[in-house]
Amino acid sequence: AHAAGLEAKAKEQVERAQALRGKKAGATLHQALDAYAEWIKTSYVREGHVTGTGRSMLEQVRELKTYGKDCSLVALDGLALHTWVRSWANRPVIRRTDKPCAVDTAKDLIKRIRAFTKWLNSNSAFDWTKPNGFEWERVKIATTAEENARSEHGVKRFRLPQIATLWQYATPQERLYIVSGLNC
């Protein structure tokens, strides 16, 4: 039984070596992120220029490289992916501001990580596949006590000058909605 297990393992390694021919074996996360950035530059182009969406995506890739440590793609398993996402959900301190990154930035970077891994999984140039049985977990973005206090328990309210502007440009039906909603 032990010999059969060793034989199966050897066969698996031979198949893996054969599959690696022509692929970037031993590639790193940062090399894959660089290739992803190049793909963005060619996929998000209009009239010869990278679109606004493409530029935002490229900036996000730069942030992921700046604040993420490089590792071998072999080490990019399910635990590493969850850890990477959780590190952004905890909002690391940004060097240029000495403050945690913005909540929206954290959300966008987590989306970019997920899009990147989907791209990487479908890219035959790299020897990486999504870990078997891997599923993304839901994450909650951390907020500071100051942000919680500012949000007034998560309910956004209009201030009087904002209501005045809305009233000025509202139709009669929209004014009815405004009045009925003021006392709720």
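For the structure, see preceding data.
The model shown is predicted, which means the values in this text are computed figures rather than measured ones.

A. View of the packing of helix 2 (residues 29–43) against helix 3 (residues 52–67). Packing of helix 2 against helix 3 leaves a shortest axis separation of 10 Å and a crossing angle of 175 degrees. Classed by the angle they form, the pair helix 2 and helix 3 counts as roughly antiparallel. Facing helix 2, whose interface residues are His-30, Leu-33, Asp-34, Tyr-36, Ala-37, Ile-40 and Lys-41, helix 3 presents Gly-54, Met-57, Leu-58, Val-61, Leu-64 and Lys-65. When its residues are assigned to classes, the contact of helix 2 with helix 3 shows eight nonpolar, two polar and three charged.

B. Region of the structure containing the packing of aromatic side chains. Evaluation of the coordinates by the stated rule reveals ten aromatic pairs. Pairing Tyr-36 with Phe-116 gives two aromatic rings, centres 5.4 Å apart and planes at 65 degrees, and the pair type is edge-to-face. With a gap of 80 residues between them, Tyr-36 in helix 2 and Phe-116 in helix 5 (residues 103–122) connect regions that are remote in the sequence.

C. Spatial organisation of the layout of surface pockets. Roughly 300 Å³ of internal volume is contained in the second largest pocket. Forming the boundary of the second largest pocket are 13 residues, of which Gly-68, Lys-69, Ala-80, Thr-83 and Trp-84 lie nearest the centre. Here the lining of the second largest pocket takes five residues from helix 4 (residues 78–89), the largest share from any one element. In terms of residue class, the lining of the second largest pocket is built from nine nonpolar, three polar and one charged.

D. Highlighting the environment of Leu-166. Counting through the fold element by element, Leu-166 comes out in helix 7 (residues 160–169). Since its relative accessible area comes to 39%, Leu-166 is described here as partly exposed. Separated by twelve residues in sequence, Leu-166 and Ile-178 have C-alpha atoms that sit 8.5 Å apart. Not counting residues up to four positions away in its chain, the partners in contact with Leu-166 are Phe-158 and Ile-178.

Calculation notes
Residues numbered from 1 in each chain as written. Predicted model: local features only at pLDDT ≥ 70, side-chain atom pairs only at ≥ 80, totals over all residues. Heavy atoms only, no water. Axes fitted to C-alpha atoms, helices over the stretch in contact; angles between N-to-C directions. Helix = DSSP H or I, 4+ residues; strand = E, 2+ residues; numbered from the N terminus. Parallel < 35°, antiparallel > 145°, perpendicular 65-115°, else oblique. Contact = heavy atoms within 4.5 Å. Nonpolar A, V, L, I, M, F, W, Y, C, P; charged D, E, K, R; others polar. Phe/Tyr/Trp six-rings, centres within 6.5 Å; stacked < 30°, edge-to-face > 60°. 1 Å grid on protein atoms, 1.4 Å probe; cavity = no way out; pocket = protein on both sides within 12 Å on 5 of 7 lines; lining within 4 Å. Points joined across faces, edges and corners; volume = space filled by probe spheres on them. Buried < 20%, exposed > 50% of the residue type's maximum accessible area, 1.4 Å probe, protein only.

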